[in-house]
Amino acid sequence: MDQTIRILMLEDVATEAELALRELQRDGLRCELQRVETQAAFSTALSQHRPDIILSDYSLPGFDGLSALRIAQAQCPEVPFVFVSGTIGEEVAIEALRNGAVDYVLKNNLQRLASAVRRAIKERHERTARLHAESRFRDLIEFAPDAIVVINQHGKIETVNRQMELLFGCPRTRLVGTCSRSLIPARLAEWDQALSGEQAMLRALDTLGKPFEVPMCRADGSEFPAEISLSPLKTGDGLWISGVIRDLSERKEQEERLARMTRIRTILGSINGALLRIRDRKSLLREACRIAVEEGRFIGAAIGLVDPDTLIVTPQVWAGIDAEFLREVPVSADPSRPDGTGMVGTAMRTGESQVAHDLLQSSDLALWPAAMLKRGIRSTFVVPLMVGEQAIGVIALFSVKPDAFNPEEQQLLSALAADISFALDYIAKSEQLNYLAYFDAITGLPNRALFQDRMEQLVTQGVNGTPEKIAVVLIDIERFRDVNDTLGRAAGDDILRTVARRLRDIVSDSNYLARISADCFAFIVRENASVTEVANLLERKLSIQLSQPIPTHGRELRVFVKAGIALFPSDGTAADILLRNAEAALKNAKETKAHYLFYTAEMNVRTARKFSMENRLRRAFDRQQFVLHYQPKVNLASGEIVGLEALLRWQEPGVGLVLPGAFISILEETGLIVDVGSWVIQRACEQYQKWRAQGIDPPRIAVNVSQRQLRQENFVEHILQLATADGIRGLEIEITESLFMDDTNRDTACAKLAALRQAGMTVAIDDFGTGYSSLSYIAHLPIDTLKIDRSFVSDMAVSRSHKAIVSTIISLAHSLNLTVVAEGVETPEQEQLLAAFGCDQVQGFLYTPALPPDQIAPRLRRFFPTAAD
């Protein structure tokens, strides 16, 4: 034991304590011994110092050892208690051991004291670790995000977790002991079979082994859709069923809502496309109505424009409805007319959208209900077309369904009307035909082209006339794409407009303020700007202004920005160079997590190195300088090779073998990983076939696939084209855990991986544990194997938490019927721990590093003989 052991010794004779300490130290133990004589001192030392072990004499003046044992058990039961006495007899020793003492040592046999202390400390550590692991496992079950129930072979509920109580609205005391069949209102033959005995249960689990959906019943009798995953648990007490239950109510509602929102977004995208290509007003409006009916599946759509003198709204174009209908419902914006008090007139006067959720329940629609109901219309939405503060017309949408326009759809349709309004305004202003070429449509700011032109004029005047120091500042909105993806484009546009407005308040001359890309603004600080002045502007005015909450769609958002700055003339004397250098500074600020950075020449050096590496890698790919080495995966129980992992190496002329850590990130960043990854898969399949031709029946070869590869639309088809039928069966796809952290890509990725599994490949999650994934969804992923990250394996021997994590991952993975592979095994101690935890496979330098194919072949022949053999 290397650590110092804190010993509390209850002993009235100081020399006896010194003899005990000397004996322990002689045996190599590092100890700190505190001696006490009285009961009060003993109790105080226990509470204040928390020793690692207690040594106690049995006979003390006015105080006996059994009393001390009772005090220790009450105050700190986890601390081992050892009697060291010369008077204790066998009966007393037995009684002491029954009452909680872990050992006793006679004073005339102190040479046994060190081993007794070591054993007691070791047992305490093992007991603490075991209790900690058990507690973590219970917590994983109790605080899992889904409801969990354990059912015995008689169909009775044995255990439920907290989420089960909440989901079914019933305390666990009422659930435990009841028949699990009561949770499912509908008849389910497979479930009934599962409750009729152990063998029937196993047969039923073959049918119900995959997650399935079924209606379930709460305590109040209400039903809800649920997804159930069942898996068997074989223990010494028999066979049990572990069930994970997930409420699908919200997901079903979201799916329906998503379908409707997707339809509206389709309309929005198509009409915006029309806005860009159509310059004739009539054609544009006609196309908008056609798209709303054909792609949006509304029963009808119409656009009317108002006569500013008579305030009569005249239909211009329509689709899905007839002219007779429009004649039956004359509309006006004049409140003094009967036809001016309906939805169209109200929308025109207020500038706000109007909605009728169910015409059968409406009483204030004047002439509209009769004409609409005759054509099956139940709900309608009217949006004013606004140019500035003035309504110039309306777009009306009709649906045969009541409540067809929820608030989010209304927001998107209002954004659509705003886009149409902008297009009408744009077309109407002939003098602004080139507006979109030089200005940003959302913010009204100059775009990149106009900004660069104005900056060029400014720096040219500075070079040829009186030089003026200026600063080019680029502002990037962090995580702006997440706002668009999560809250929609309308919310993103609100953010852009607000940021633009606040920047106008900061920048002294808004002519030199622009939006130059989706989430990036640029402006120029003039009047001989210095580094200090620009820094003060960014830290004081800009940070204060932009940190204020931005209200959008019923919530408040805060935006955070990064900035990059280039100075004229020190960082360049041409507009394009200044802009490029400011972009380099901005990119570096985002990479280094700095709020803002000024451009420095060193950035060019780093960029040049990166470009050099990129060019060398492209040349390496073209000249076939990449090679594959293979590292075996070993069955921990038998020692047999059961798999291989293909690892990329770069055989660079004049340098030698370059490991992937030096270049993989560049492949990812430049996109070369897609071509190189395809090459790896093809080469691994070819090697697999080559070994088979040599009479070896090799195991599966695992290849790493990057997120960039997986996000290719034709990823599955491409992989299947690269691999022959035998190659597919011999291939395992490894993806990193981080792929599933992004909810927006998870479903698509899962579908692609499931297709590859269907074709005959297997799928593994690599580096598991580093992404802090929720184990609740691992059961639903199309995977076969979990590979524990090497950082946990390497630290198991010194980190109790990593040891517990590895043990828990293996246990839970096995409960999900997943194979577990431990990476980076380098010592026999790690191997022994993994074997104790039940790990299936291992790989690492303890067995062999990655080797070229010709060096792997002899090893494979030992375990994979020819077919003739």
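Predicted model only: the values in this text are computed from it and were never measured.

Thresholds applied
Residues numbered from 1 in each chain as written. Predicted model: local features only at pLDDT ≥ 70, side-chain atom pairs only at ≥ 80, totals over all residues. Heavy atoms only, no water. Buried < 20%, exposed > 50% of the residue type's maximum accessible area, 1.4 Å probe, protein only. Helix = DSSP H or I, 4+ residues; strand = E, 2+ residues; numbered from the N terminus. Arc of directions from axis to C-beta. Contact = heavy atoms within 4.5 Å. Expected span 1.5 Å × (residues − 1). Polar contact = N/O pair within 3.5 Å; in protein donor to acceptor, adjacent residues only side chain to side chain. Pairing = 2+ DSSP bridges. Axes fitted to C-alpha atoms, helices over the stretch in contact; angles between N-to-C directions. Parallel < 35°, antiparallel > 145°, perpendicular 65-115°, else oblique. Left-handed = near helix turned anticlockwise from the far one by under 90°. Nonpolar A, V, L, I, M, F, W, Y, C, P; charged D, E, K, R; others polar. Phe/Tyr/Trp six-rings, centres within 6.5 Å; stacked < 30°, edge-to-face > 60°.

(A) Broad picture of helix H2 (residues 39–49). Burial in H2 covers these residues: Phe42, Ala45 and Leu46. All buried residues of H2 project into a common sector of 100° when viewed along the axis, lining one side. Residues of H2 that are exposed and point more than 90 degrees away from the buried face comprise Ala40 and Gln48. On its buried side, H2 packs onto strand E1 (5–10), strand E2 (31–36), strand E3 (53–56), helix H3 (65–75) and strand E6 (81–85).

(B) How the structure looks around helix H24 (residues 672–693). The first and last C-alpha atoms of H24 sit 31 Å apart over 22 residues, in line with the 32 Å expected at 1.5 Å per residue. The positive-phi residue at the C-terminal boundary of H24 is glycine 695, with phi of around 90°.

(C) Summary view of the side chain of serine 678. As for its placement among the helices and strands, serine 678 is situated in helix H24. Of the residues examined, serine 678 reaches a relative accessible area of 12% and is grouped as buried. A polar side-chain atom of serine 678 sits 2.8 Å from a polar atom in the side chain of histidine 718. In this structure, serine 678 is in contact with Gln709, His718 and Leu722, ignoring residues within four places of it in sequence.

(D) Geometry of the sheet that holds strand E20 (residues 513–517). The strand order across the open sheet formed by 5 strands is E20-E21-E19-E24-E25, and the pairing between neighbours is mixed. Across the chains shown, the open sheet's two edge strands, defined by having one partner strand only, are E20 and strand E25 (596–598). For this sheet, the mean angle separating the axes of adjacent strands, direction not counted, is 20°. In terms of strand pairing, E20 meets strand E21 (residues 520–525) through 4 bridges, oriented antiparallel. Residue pairing in the sheet places alanine 514 in a bridge with alanine 522 of E21.

(E) Expanded view of the pairing of E21. The buried fraction of E21 amounts to 6 of the 6 residues, a majority that puts the element mostly inside the structure. The two faces of E21 match: Cys520, Ala522 and Ile524 on one face and Phe521, Phe523 and Val525 on the other face are all buried. For strand E19 (residues 470–477) and E21, the ladder comprises 6 bridges, and the chain directions are antiparallel. Note on E21: the bridge partner recorded for alanine 471 is valine 525. If you look at the hairpin formed by E20 and E21, you'll find 2 residues sitting between the two strands.

(F) Region of interest: the pairing of strand E31 (residues 762–768). Along E31, 6 of the 7 residues are buried, which leaves the element largely enclosed by surrounding structure. Relative to E31, strand E30 (residues 731–736) runs parallel, the two being bridged by 5 bridges. Bridging from a neighbouring strand, isoleucine 735 pairs with isoleucine 765 of E31. Examined bridge by bridge, E31 and strand E32 (residues 785–788) share 3 bridges and lie parallel to one another. By the bridge assignment for E32, alanine 764 is matched with threonine 785.

(G) Region of the structure containing the packing of H2 against H3. Taken N-terminus to C-terminus, the directions of H2 and H3 make an angle of 25°; their axes are 10 Å apart at the nearest point. Relative to H3, the element H2 lies roughly parallel. In this structure, H2 meets H3 at a crossing whose hand is right-handed. Note on element contacts: H3 touches H2 through Ala68, Ile71, Ala72 and Gln75, opposite Gln39, Phe42, Ser43, Leu46 and Ser47. In the contact of H2 with H3, the residues fall into 5 nonpolar, 4 polar and no charged.

(H) Unusual backbone geometry, seen in detail. Note the cis peptide between phenylalanine 568 and proline 569, where omega equals 10°. On the secondary structure map, proline 569 appears in the loop between strand E24 (561–568) and helix H21 (575–592). If you check the backbone angles, leucine 311 has positive phi at about 65° while not being a glycine. If you trace the backbone, leucine 311 turns up in the loop between strand E13 (300–306) and strand E14 (312–319). The backbone of asparagine 817 shows a phi angle near 60°, a positive value even though the residue is not glycine.

(I) A look at the packing of helix H18 (residues 480–487) against helix H19 (residues 489–506). Where H18 meets H19, the closest approach of the two axes is 6 Å, and the angle between their N-to-C directions is 140°. From H18, Phe480, Val483, Asn484 and Leu487 reach across to H19, where they touch Arg489, Ala491, Gly492, Ile495 and Leu496. Here the contact of H18 with H19 is built from residues that sort into 6 nonpolar, 2 polar and 1 charged.

(J) Representation of the sheet that holds strand E15 (residues 331–332) in the model. Across the sheet, which stays open at both edges, the 6 strands sit in the order E15-E14-E13-E18-E17-E16 with antiparallel pairing between neighbours. Across the chains shown, the open sheet's two edge strands, defined by having one partner strand only, are E15 and strand E16 (354–356). Relative to E15, E14 is paired through 2 bridges, and the arrangement is antiparallel. Following the sheet pairing, valine 313 is matched in E15 by valine 331.

(K) Here's a closer look at the side chain of asparagine 581. For asparagine 581, the position within the fold is in helix H21. A polar side-chain atom of asparagine 581 sits 2.6 Å from the main-chain carbonyl oxygen of aspartate 571.

(L) Looking closely at the packing of aromatic side chains. By the definition in use, this model includes 11 aromatic pairs. Judged by centre distance (5.7 Å) and plane angle (65°), the rings of tyrosine 58 and phenylalanine 83 are edge-to-face. Linking tyrosine 58 in the loop between E3 and strand E4 (59–60) with phenylalanine 83 in strand E6, this pair joins segments that are 25 residues apart in sequence. Residue tyrosine 58 is classed as buried on the basis of its relative accessible area of 16%. Consider the rings of tyrosine 630 and tryptophan 691, whose centres lie 5.3 Å apart with planes at 65°: the pair is edge-to-face. Residue tyrosine 630 is found in strand E26 (residues 626–635), and its partner tryptophan 691 is found in helix H24; the two are separated by 61 residues along the sequence. The class for tyrosine 630 is buried, based on a relative accessible area of 1%. Grouping aromatic residues by their ring pairs yields a cluster made of Phe626, Trp650, Phe663 and Trp679.

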